[in-house]
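Chain residues, written in single-letter form:
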Amino acid sequence: MINPEDKTNNGYLHFLIQRAMRINFSDKRVIILLHIIMWIAILSLPFIQFSSDRHRMPGPPTEEIRLAFLHLSILNNLVWIVIFYLNSILLIPRLATPKKWTAYTLSIFILFVFALGVNYILFKTIIDDGHYNLIRSITFSLPPFILAILSSSLWQIWRDKTRAAQRLQQQKEENLKTELSFLRSQISPHFIFNILNN
């Protein structure tokens, strides 16, 4: 038996899906809005973990140390945002070609070393008496770094394909307009000639 409430929810879900399908993802305002939503979600993760850790860890770490690590995590997330845009706007268009693949790989490695250096500086600045563990920092920083590089690469690929599809559509429209004007120019003299002969 079909629950009427499920039918209403499915109708609303269908309505939301239809609305989402009508969104023009090539519109700059939509892209900016999606970026803002994505970064708000990513930057809110430390707050979610901070509030869940508060109930789970009553032991040695003081509230001050946990708050310092929260600040460190937020600032590290800002580093991942910078790496995301550096890779997608600067490195991929200039270096992600078969001839420059080694330069691109070296640039990615340099970016990771840069991220570790910023992490070290932030750690020493925010957590005064903390002991910096390089191995722990690498294992902590590597997954978000890989995620930032992969997501920025996928975003750039999607952006390039969208632009290529738009250029192809414009080219087709221009060809169609040219062909139509050519046909009009061909028809027009014959039409006038036929009228004059009758």
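Residues numbered from 1 in each chain as written. Predicted model: local features only at pLDDT ≥ 70, side-chain atom pairs only at ≥ 80, totals over all residues. Heavy atoms only, no water.

Student: So what exactly am I meant to see when it comes to the overall build of the protein chain here?
Tutor: On a plain count of helices and strands, the protein chain comes out with five helices and zero strands. Going from the N terminus to the C terminus, the protein chain shows its helices and strands as α-α-α-α-α. Of the contacts made within the protein chain by residues no fewer than 6 positions apart, 65% connect residues no fewer than 24 positions apart. Here the protein chain has roughly 15,300 Å² of accessible surface; of this, 68% comes from carbon and sulfur atoms. (Helix = DSSP H or I, 4+ residues; strand = E, 2+ residues; numbered from the N terminus. Contact = heavy atoms within 4.5 Å. Areas by Shrake-Rupley, 256 points an atom, 1.4 Å probe, with all protein chains shown as cover.)

Student: When you look at a nonpolar patch on the surface in this model, what are you seeing that I'm missing?
Tutor: A cluster of nonpolar side chains, namely Leu106, Phe109, Ile110 and Val113, defines an oily patch on the protein surface of about 400 Å² accessible area. Relative to the assigned elements, Ile110 resides in helix 4 (residues 101-126). (Patch = residues over 30% accessible without salt bridge, like charges linked within 9 Å, V, L, I, M, F, W, Y side chains within 5 Å. Salt bridge = Lys/Arg side-chain N within 4 Å of Asp/Glu carboxyl O.)

Student: Looking at this structure, I do not really get the side chain of Ser137. What am I missing?
Tutor: Looking at the secondary structure, you find Ser137 in helix 5 (residues 134-197). Excluding anything up to four places from it in sequence, Ser137 contacts Leu116, Asn119 and Tyr132.

Student: When you look at the confidence of the model for the protein chain in this model, what are you seeing that I'm missing?
Tutor: Atomic detail in the predicted coordinates should be set aside for any region of low pLDDT. Scored by pLDDT, the protein chain has a mean of 78; 75% of the residues are at 70 or more. Element-level pLDDT for the protein chain is lowest in helix 1 (residues 4-21), with a mean of 63, against a maximum mean of 91 in helix 4. (pLDDT = per-residue confidence, 0-100.)

Student: Sorry if this is basic, but what is going on with the nonpolar core here?
Tutor: Here is a general trend for soluble globular proteins: nonpolar side chains tend to be buried in one another's company. Grouped together as the largest cluster of nonpolar side chains are 15 residues, with contacts concentrated most on Trp80, Ile83, Leu91, Tyr104, Ile108, Phe145 and Ile149. Elements represented by at least two residues in this core include exactly helix 3 (63-95), helix 4 and helix 5. Excluding residues that lie within four positions of it along the chain, Ile83 makes contacts with Leu111, Ala115, Phe145, Ala148 and Ile149. Grouped together as the second largest cluster of nonpolar side chains are six residues, Ala68, Leu72, Leu122 and Phe123 included. (Core = buried A, V, L, I, M, F, W, Y, C linked by side-chain atoms within 4.5 Å. Buried < 20%, exposed > 50% of the residue type's maximum accessible area, 1.4 Å probe, protein only.)

Student: Where do I start with helix 4 in this structure?
Tutor: Think of an α-helix as 3.6 residues a turn; residues three or four steps apart then line up on the same face. The first and last C-alpha atoms of helix 4 sit 37 Å apart over 26 residues, in line with the 38 Å expected at 1.5 Å per residue. Buried residues of helix 4: Tyr104, Ser107, Ile108, Leu111, Phe112, Ala115, Leu116, Asn119, Leu122 and Phe123, and no others. (Expected span 1.5 Å × (residues − 1).)

Student: Sorry, what's going on with the packing of aromatic side chains here?
Tutor: Two measures describe an aromatic ring pair: the distance that separates the ring centres and the angle between the ring planes. For the coordinates displayed, the defined rule picks out eight aromatic pairs. Taking 4.9 Å as the distance between ring centres and 80 degrees as the angle between the ring planes, the aromatic pair formed by Phe84 and Tyr85 counts as edge-to-face. Aromatic side chains Trp101 and Tyr104 sit 5.5 Å apart centroid to centroid with 40 degrees between the ring planes, which places their arrangement in the tilted category. Of this pair, Trp101 and Tyr104 both sit in helix 4, three residues apart, which is roughly one turn of the helix. Overall, the relative accessible area of 49% leaves Trp101 in the partly exposed class. Assessed through its relative accessible area of 8%, Tyr104 is described here as buried. In textbook terms, an aromatic cluster arises when at least three aromatic residues are bridged by ring pairs, as seen for Trp80, Phe112 and Phe145. (Phe/Tyr/Trp six-rings, centres within 6.5 Å; stacked < 30°, edge-to-face > 60°.)

Student: Could you clarify how one ought to interpret the side chain of Ser141 in this entry?
Tutor: Structurally, Ser141 can be placed in helix 5. Given the relative accessible area of 1%, Ser141 is considered buried. When near neighbours in sequence (up to four residues on either side) are disregarded, Ser141 contacts Trp80, Phe112, Leu116 and Asn119.

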